[in-house]
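# Geometric and topological summary
For reference, the chains in residue letters:
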Amino acid sequence: MLFPQMFSVFVLAGLVALTVAGPIKLELNNEWELFKTTYNKNYLQEEELLRRVIWERNLQHVQQHNIEADRGVHTFWLGMNEYADMSSEEFVRSMNGYRVNATKTFQCGKFMTPSHVKLSDLPTSVDWRNEGYVTGIKNQGQCGSCWAFSTTGSLEGQHFKKTGKLVSLSEQNLVDCSKKEGNDGCQGGLMNQAFDYVIQNKGIDTEESYPYKAKDGVCKFKKANIGATEVSCMDVEHGNETDLQLAVATVGPISVGIDASHLSFQLYKSGVYFESACSSVNLDHGVLVVGYGINGCDDYWLVKNSWGTSWGMQGYIMMARSASNMCGIATQASFPTV
C-alpha cells in the first residue's frame, strides 16, 4: 500500500494509465484475486483499480519477456512477485535506498589482494551460505534501508568467520542510530557510513534484541545487547571485478551497491541477470555478494537481496559476472574487519 502523502499522486497517475491502457481484462479476475490472497494485499476502494492496471501491465511485460527468454533472447526470466502491483518508478522511490551523502563521506582502507593468491588459484564457484556465513533472507519492507541490510550481511559473515557463531544483527539499530555518520534511515544511506557507526559505537545490537520495524525510530541501542563489533573496513578497488572475486573468495560475503532501477530487476525470477540499460555508476541499491559461479555458459555473482523470499530465487539473484561491471556491482564494494 502507498505511503499516504504519495497516494493522491499515484491515483492521478493511475487515472491517466487507465485512459491509455483501456479497460481491465475480466478474464484475469481469478488470477488477480489469487495475487491479492497470496500476498495479503488490501487496498482502499479507490486504489484497487490503479493497482489492477499496474499489475496487468507488469503481467504482460513478464509474459512477453519470458517468451523471448525461452527463445534464447535473454539469459533470465521474470515472475509476478509481491511487488508486481507497483510501478517501476514507485518501486525505486520506496525500496532502493543507496544514497550518496555529499557532506558525509567515510573512506575505508584499501583492500590489498593477497600476494600469494592468484586468480587461477581460486575455486570456480563459491557459495558462503554452505559454510554458515549467511543468515536467512530478510525483508526491508517499503523502507529505503537496503544499505543497512547489506551492512549487517557482511558483518554477520565476518563475525561468523572469527567466532564460529552466526548472529543475526539489527538493521533497525543502523536505521535509528547512524544519522550522525551520514545515513538517513528509510530515506537512504551507505554501507561505509554504517560501518563507521559500528566502529565508533563499538558494536551493533542483535536482531533479536532490536527487531526491524521498517520505519524510522528513536535510537534504542543497548550496549548489553551487542551482537558483533568491528575495528575497520576495506574498500575493493572501484570497478575491478577481478579484485571483487578475490575478495569474495578469500574474505567472505561482500557489501556492494548496484543499479537496481529497472523493471527487469523488480520482477526478476531466475537465470543470470543481464540488463543492457544498467548503469555502472548510478547506484541506488545495497545488496550482498555471497558467492559466484557459472550457470551453463554464463558467469555470475550470487547476490543476497533484502526483499523477502517471494522475490527472485527465494530472495537471491544471479547477476552477470565478467560483463563490464554489470549494474556497477564492483563499483563500490566493501567489507568490515573484526
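Residues numbered from 1 in each chain as written. Predicted model: local features only at pLDDT ≥ 70, side-chain atom pairs only at ≥ 80, totals over all residues. Heavy atoms only, no water.

## Some thoughts on the overall build of the protein
We count it as follows: Strands are runs of DSSP state E lasting at least 2 residues, helices are runs of H or I lasting at least 4, and numbering of each runs from the N terminus. What the globule rule says is 2.2 Å times the number of residues to the power 0.38, and the radius of gyration is computed from C-alpha atoms. Only protein chains enter the area calculation, which uses a 1.4 Å probe; residues under 20% of their type maximum are buried, those over 50% are exposed, and those in between are partly exposed. Note on areas: Shrake-Rupley with a 1.4 Å probe; residue coverage comes only from the protein chains shown. His residues and chain termini do not enter the charge count, which takes Lys and Arg as positive and Asp and Glu as negative. By convention, the charge on Lys lies at NZ, on Arg at CZ, on Asp at CG and on Glu at CD.
Assigned secondary structure in the protein consists of 9 helices and 12 strands. Rg of the C-alpha trace for the protein: 20 Å, near the compact-globule value of 20 Å for 338 residues, within the 12% margin. Each of the three principal axes of the protein carries a C-alpha extent, and together these read 60 × 50 × 35 Å. A total of 338 residues make up the protein; the buried ones form 55% of that total. Entry remark: accessible area of the protein is about 15,100 Å², with carbon and sulfur atoms responsible for 53%. Of the side chains in the protein, 28 bear a positive and 36 a negative charge, and the two mean positions are spaced by 6 Å.

## Here's the deal with the confidence of the model for the protein
Operational definition: Every residue gets a pLDDT, meaning the predictor's confidence in that residue, from 0 to 100. The contact rule is simple, with two residues in contact once any of their heavy atoms fall within 4.5 Å.
Mean pLDDT for the protein: 92, with 92% of residues reaching 70 or above. Here residues 1-12 scores under 50 on pLDDT; set against residues more than four positions off or in separate chains, the count is 22 contacts. Here residues 14-21 is modelled with pLDDT under 50, and outside its nearest four sequence neighbours on either side it reaches 6 contacts, counting other chains as well.

## Here's the deal with the pattern of salt bridges
Keep this limit in mind: For this analysis, a salt bridge means a side-chain nitrogen from Lys or Arg found within 4 Å of a carboxyl oxygen belonging to Asp or Glu.
Counted according to the given criterion, the structure contains 11 salt bridges. Between Glu33 and Lys36 there is a salt bridge, with its nearest N and O atoms 3.1 Å apart. Here Glu33 and its partner Lys36 are both found in helix α2 (residues 29-38), 3 residues apart, which amounts to about one turn of the helix. A salt bridge links Asp85 to Lys41; the nearest nitrogen and oxygen atoms lie 3.4 Å apart. Of this pair, Asp85 sits in the loop between β1 (76-78) and α4 (88-95) while Lys41 sits in the loop between α2 and α3 (45-70); the two residues are 44 residues apart in sequence, bridging distant segments of the chain.

## Notes on the packing of α2 against α3
Definition in use: Structural elements are reduced to axes, namely lines fitted to C-alpha atoms, with helices fitted over the stretch in contact, and the angle between N-to-C directions of any two is expressed from 0 to 180 degrees. When an angle is under 35 degrees it counts as roughly parallel; over 145 it counts as roughly antiparallel; between 65 and 115 it counts as roughly perpendicular; any other value is oblique. Amino acid classes used here: Ala, Val, Leu, Ile, Met, Phe, Trp, Tyr, Cys and Pro are nonpolar; Asp, Glu, Lys and Arg are charged; the rest, including Gly, are polar.
As a packed pair, α2 and α3 sit with axes 12 Å apart at the nearest point and diverge in direction by 105°. One way to sum up the angle between α2 and α3 is to call them roughly perpendicular. Facing Asn29, Glu31, Trp32, Glu33, Phe35 and Lys36 of α2, the residues of α3 in contact are Glu48, Arg51, Arg52, Trp55 and Leu59. Taken together, the residues of the contact of α2 with α3 sort by class into 4 nonpolar, 1 polar and 6 charged.

## A word on α4
What counts here: Arc definition: directions from the helix axis to the C-beta atoms.
For α4, every residue scored as buried is listed here: Ser88, Glu90, Phe91, Ser94 and Met95. An end-on view of α4 places all buried positions within 160° of arc, on one side of the element.

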